[in-house]
Amino acid sequence: MTNQPSITISQQPLTIEQVVAIAKAKASSKLSDDVAFKQQIQRGADFLAKLLADEGVIYGVTTGYGDSVTVPVALDKVHELPVHLTRFHGCGMGEYFDAEQTRAILVARLRSLAHGASGVSWTLLERLQALLDADILPLIPSEGSVGASGDLTPLSYLAGALIGERDVIYQGQQQRSAEVFKALGWTALQLKPKEGLAIMNGTAVMTALACLAWHRAEYLSRLSSRITALVSMALDGNPQHFSEALFKVKPHLGQQQVATWIRDDIAATQHQRSQQRLQDRYSVRCAPHVIGVLRDALPWLRETIENELNSANDNPIIDVEAEQVMHGGHFYGGHIALAMDTLKTAVANIADLHDRQMALLMDTKFNHGLPANLSAAENDRKALNHGFKAVQIGCSAWTAEALKLTMPASVFSRSTECHNQDKVSMGTIAARDCLRILTLTEQVVSASLLAAVQALSLRQQRHQRELTDDVKHFVDDVREQFDLVAEDRPLEAELRYWLSQIQQQRWSLYAKEDMS
Ligand SMILES: N[C@@H](Cc1ccc(O)cc1)C(=O)O
C-alpha cells in the first residue's frame, strides 16, 4: 500500500477514475488539510447548532422525517432522532455490496458531505475517512432503496456502523463495528442532530455503482472494437466497411473513433475488398454504429455521473454564508437513473452484437470456409467434436438475460412513504441492473474473445495474412494460455479466467488519449 497514489478529498471535483482507483484499493484517499476547507465545514455544523439553540425548529432535526415533518420532536429528544433514523432503516435485503462497491460508496458520500452544504461536523468527515484508511467496510445490503430520499436504507448501514451498531467487514471478518472500534481504541461516533440525515439522505450508493459501471463500459467499448477486428479478418470480411472516407460523412465522434480502431487493427488499407461479397452482415459492417453509440454516450454519461458525485445531494441544504436552511429534493437520483438506464441499453447492445458475430462464426453457411462450430479437429475426429457449439448457446442465454434487464427502472416510480415520496427515481435499481448487464456482457465478450482468436488462427492456417503488431501481440498473448479447441474440452475454467482478465482490464487497448 505504500507506493500508492493518494487522492485528496476536498471541495475540488473528483473523477470517476479516482473513485474507481480508491474502490479497487489502487489508491488511498486523504482529507485535505486546507485550513479554510476545515473551517468552512465546521462553520456549517456550528451554524446549525446555533440555529437549533436560537429558533428550535429545523426539518429532520426537531421534526419527524419525511411525511412525519408535521410531528414536532421535543428539544430534549433531538439527539435520539438520528439514531432512530439509522435503526428504522435497518431493513435492507438482498446481496451485500462487495468491498470494491462499498469503498466507492464511502468515497461518494464523503465527497458529497465535503461540499460543506450539509451542516456536518469535521469529525464526521474524519470518521468516514478513517473507515477508508483502515478498510473497515460496512456490510450494506443492496436492496431497499427507491433512489429518492436518496439511498436511505443502504446508507443507514453506513451511519449505523459509524455509531457502533451495525456489522462491518474488517480484516476479512464480519464483526460488529463497536467491537472493531474498541479493538482499535476508537469511540463510536455520536451523531449530531442533523448528521443521520446528512449521511443517509443522498445518492451515494447509486452514484458509486455508476462510477464502477462507467469504467467497465468504457473498457468494453475498446475490447469490443478489437474483437470485431479479429472477427472481420477471420470471416474474410470487407475491410472497406471501416474506411476513413466512409466515416467522414457521418460525424459522430465516438463512432468515427471505433471505425478508426477497427480500421487500424485490420490494416484496412493493405487489404482488398473481398471478391465474394461486397457487403458483410450488419454485426460486422455496422459494428462502429453499435459500439459507437456506447462511445458517444460515454462523455455525457461521465458528465452526469461526475456532476452527481461532486454535488451536495442531501436535504436540507445549508448556505453558511447566507445563514439559510434550504429545503429541497437533492436526494432525487433522476440523473443517475437515466444514465444507468441508458448505459444498460448501450452495453446490452454490445452483448447482442457479439452474440450475432458468434452466430456468423459458428455456421458454415456464413463463416466463409471455416469449420463448423470452429472446431479445429481434423479428419475422422471431426465427426466427434463440437467445438464452440455450447459456448455459442451460452452466449445466447447471457445475451437474452442482458437484454431482458434493459427495461428502464426509472419508469417504475411508485408513490411511497404516505405519499411524501410520491415520485422517486429508482436509480439504484437501474445501477444494479447495469452492473449485472455488464457482467453478462463481459461473459459474452470472454466467449467471443476465445472464439475470435480461434477463428482467426484457423483462417491463418488457410491463408496467412499480415497482422499489425498490436493485434499480433494481443492474439499471441491469448494464445499463450489458450490452446485451440480441437478435441472437445470443458471450457468453463478458461471462460472464467478470461472473464476475470477482462474485468481487470488486462490489455491497454488503443491510445489512452482517446478516453471519453
Ligand atoms: N428524504 C426525506 C427525509 C426522509 C428520511 C427518512 C425517511 O424514512 C423518510 C424521509 C426528506 O428530506 O424529505
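Residues numbered from 1 in each chain as written. Predicted model: local features only at pLDDT ≥ 70, side-chain atom pairs only at ≥ 80, totals over all residues.

The name an unreviewed UniProt entry gives the protein chain is tyrosine ammonia-lyase, with Idiomarina xiamenensis 10-D-4 as the organism. The record held by UniProt for the protein chain lists under Catalytic activity (unreviewed entry) the comment "L-tyrosine = (E)-4-coumarate + NH4(+)". (UniProt positions renumbered as here; feature names shortened; annotations may be inferred.)

J.: Looking at this structure, how should I read the pairing of strand 1 (residues 6–9)?
T.: Side-chain positions along a regular strand alternate between the two faces of the sheet. Note: strand 1 against strand 2 (residues 28–31), four bridges, orientation parallel. Bridge pairing in strand 2 places Ser-6 opposite Ser-28. Regarding the hand of the β-α-β motif, the stretch spanning strand 1, helix 1 (residues 16–23) and strand 2 is right-handed. (Pairing = 2+ DSSP bridges. Helix = DSSP H or I, 4+ residues; strand = E, 2+ residues; numbered from the N terminus. Right-handed = clockwise from strand over helix to strand, strands pointing away.)

J.: So what exactly am I meant to see when it comes to the site of the ligand here?
T.: In the neighbourhood of the ligand, the contacting residues comprise Tyr-65, Gly-66, Ser-149, Leu-152, Asn-201, Asn-315, Phe-331 and Glu-417. Of the residues belonging to the shell around the ligand, the class tally is three nonpolar, four polar and one charged. Counting only domains with at least three residues in the shell around the ligand, you end up with domain 1 (6–202) and domain 2 (209–317 + 328–511). (Near = placed C-beta within 6 Å. Nonpolar A, V, L, I, M, F, W, Y, C, P; charged D, E, K, R; others polar. Domains from an automatic or database assignment.)

J.: Please explain the sheet that holds strand 4 (residues 137–138) as it appears in this structure.
T.: The pairing of strands in a sheet happens through backbone hydrogen bonds and is either parallel or antiparallel. The strand order across the open sheet built from three strands is 4-6-7, with neighbouring strands paired in antiparallel fashion. Each of the sheet's edge strands pairs with one partner strand only, and the pair in question is strand 4 and strand 7 (173–176). Note: strand 6 (residues 167–170) against strand 7, four bridges, orientation antiparallel. Looking at the pairing, Ile-169 lines up with Gln-174 of strand 7. Of the strands in this sheet, strand 6 and strand 7 touch helix 7 (residues 177–184), which is tilted by about 90° from strand 7. (Contact = placed C-beta atoms within 7 Å. Axes fitted to C-alpha atoms, helices over the stretch in contact; angles between N-to-C directions.)

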